[in-house]
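Residue-level structural notes
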Amino acid sequence: MDLIVSHWHCPRCDVGGRDREPEPSCWNCGGSAVVTSRPRVDGDEPPALTP
């Protein structure tokens, strides 16, 4: 199974994270986040996501 995870950064809060959503929002302020990469992960188990 291929899984694409969005890595993002929020310029307002200066925080970042990973999300399975293609257009993630900031977990801190709820605002728009800048996607920095969308790596593809191969395997049966999706990676653990942390805010």
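These lines cover the structure that appears in this document, whether it is placed above or below. Quantities reported herein were computed from a predicted structural model and do not represent experimental measurements.

The next point concerns the environment of Gly16. One can find Gly16 in strand E3 (residues 15–19). Assessed through its relative accessible area of 32%, Gly16 is described here as partly exposed. For Gly16 and Val35, which are 19 residues apart along the polypeptide, the C-alpha to C-alpha distance reads 9.4 Å.

On to the pattern of salt bridges. Applying the stated criterion to the full structure yields one salt bridge. With a shortest N-O distance of 3.0 Å, Arg38 and Glu23 are connected by a salt bridge. On the criterion of sequence distance, the pair formed by Arg38 in the loop between strand E4 (34–37) and strand E5 (40–42) and Glu23 in the loop between E3 and E4 is long-range, its members being 15 residues apart. The exposure class assigned to Arg38 is partly exposed, which follows from its relative accessible area of 40%.

What the three strands build is an open sheet, ordered E3-E2-E4; its pairing is antiparallel. Either end of the sheet is taken by a strand with one partner, and the two such strands are E3 and E4. When strand polarity is set aside, the average angle formed by the axes of neighbouring strands in this sheet is 35 degrees. As paired elements, strand E2 (residues 6–10) and E3 share five bridges and run antiparallel to each other. Among the inter-strand pairings, Trp8 is bridged to a residue of E3, identified as Gly17.

Within the secondary structure, Pro24 is located in the loop between E3 and E4. Linking Pro24 and Val35, residues eleven residues apart in sequence, is a C-alpha distance of 7.7 Å. Setting aside its immediate chain neighbours within four residues, Pro24 contacts Ser6, Trp8, Asp19, Ala33 and Val35.

Thresholds, definitions, all that
Just so you know, the residues in each chain are numbered from 1, in the order the chain's sequence is written. Note on the predicted model: pLDDT of at least 70 is required for a residue's local features to be given, and 80 or more for side-chain atom pairs to be given and counted; whole-chain, interface and lining totals, by contrast, use all residues. Excluded from the side-chain calculations are hydrogens and water; all other atoms, namely the structure's heavy atoms, are used. Put simply, DSSP marks the helices as runs of H or I at least four residues long and the strands as runs of E at least two long, and each gets a number from the N terminus on. Partly exposed residues are those whose accessible area sits between 20% and 50% of the maximum for their type, while under 20% is buried and over 50% is exposed, using a 1.4 Å probe and protein chains only. Salt bridge, as used here, is a side-chain nitrogen of Lys or Arg placed within 4 Å of a carboxyl oxygen of Asp or Glu. If DSSP finds at least two bridges between two strands, the strands pair. Throughout, an axis means a line fitted to C-alpha atoms (over the contacting stretch in the case of helices), and angles, computed between N-to-C directions, take values from 0 to 180 degrees. Only heavy atoms matter for contacts: two residues are in contact if any of them lie within 4.5 Å across the pair.

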